[in-house]
Amino acid sequence: MLTKSAALKVVPEVAAPVPRAPANAPAAEAVAPARTLLLNASLEPLCVVTLHRAVLLMMSGKARVLESSGLTLHSEHDEVPVPVVISLTRYVHVPVRRPVPPTRRTVLQRDQHRCAYCGAGADTVDHVHPRSRGGRHEWTNVVAACVRCNHRKADRLLHEIGWELGFTPRAPRWSFAFGPAGSRLDPAWSAYVPA
Ligand SMILES: [Zn+2]
């Protein structure tokens, strides 16, 4: 997503400062966000970055803080607010946002690692309409499934075994939510994320 922008490369030697909480606050490690929402200069969401990367962008002047957690990061020479949402100071042209393909990882993330059939922890992906019977590998036909349900269902259709889905599988709305930094949405980002 940001690969087109050489301008975003930051000096890797700059170490991110260690979070330090106010005297009466809980330990910074417990409350500092590990991930930060990065917006373009136009305030469109671009991606989710690690706190470390967010701080590097801020310290190099490439991003500014829009929302902070209220905590402050201290280093030898600098103090910066712990960022929750940052925006680039210069607009980056993002040519095309490619849709995220349904892979084991992205499907499990979308379904929060819960089996679509029994709700147990899921490690596998099931094609609701089995591929062997013409089902396609697309977001609307894949769900997270536990090994047991996947095995029991095998190549049968749901109505053949009296199962049903509790939800309608869809493509995830947030392509940038599947970046390396993680997938869960922080409520503090809601003002900047399309509903
Ligand atoms: Zn299951």
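Our structure is the block above this text.
Throughout what follows, the structure given in this document is the object of discussion. (Residues numbered from 1 in each chain as written. Predicted model: local features only at pLDDT ≥ 70, side-chain atom pairs only at ≥ 80, totals over all residues. Heavy atoms only, no water.)

### Structural notes on unusual backbone geometry
Unlike most non-glycine residues, L43 shows phi in positive territory, near 75°. The topology assignment puts L43 in the loop between β2 (35-39) and β3 (45-50). By relative accessible area, L43 is classed as partly exposed at 41%. If you check the backbone angles, A154 has positive phi at about 50° while not being a glycine. (Helix = DSSP H or I, 4+ residues; strand = E, 2+ residues; numbered from the N terminus. Buried < 20%, exposed > 50% of the residue type's maximum accessible area, 1.4 Å probe, protein only.)

### As for the coordination of the zinc ion
Bound to the zinc ion are the protein donor atoms C115 (SG), C118 (SG), C146 (SG) and C149 (SG), situated 2.3 Å from the metal. Geometry at the zinc ion is tetrahedral, judged from its four donor atoms and the angles of 101 to 116° they form at the metal. (Donors = N, O, S within 2.8 Å, 3.2 Å for Na, K, Ca; no water. Tetrahedral: all angles 85-135°; square planar, octahedral: opposite > 155°, others 65-115°.)

### Details of the pattern of salt bridges
Taken as a whole and judged by the stated rule, the model has four salt bridges. Across the pair R110 and D111 runs a salt bridge, and its minimum N-O distance is 2.7 Å. Grouping residues by exposure puts R110 and D111 together as buried. (Salt bridge = Lys/Arg side-chain N within 4 Å of Asp/Glu carboxyl O.)

### Quick notes on the packing of aromatic side chains
Applying the stated criterion across every chain, the model contains one aromatic pair. With 5.1 Å between their ring centres and 45° between their planes, Y117 and W163 make a pair best called tilted. With a gap of 46 residues between them, Y117 in the loop between α3 (104-110) and β6 (124-127) and W163 in the segment after α5 (158-161) connect regions that are remote in the sequence. Residue class for W163 comes out buried when judged on its relative accessible area of 18%. (Phe/Tyr/Trp six-rings, centres within 6.5 Å; stacked < 30°, edge-to-face > 60°.)

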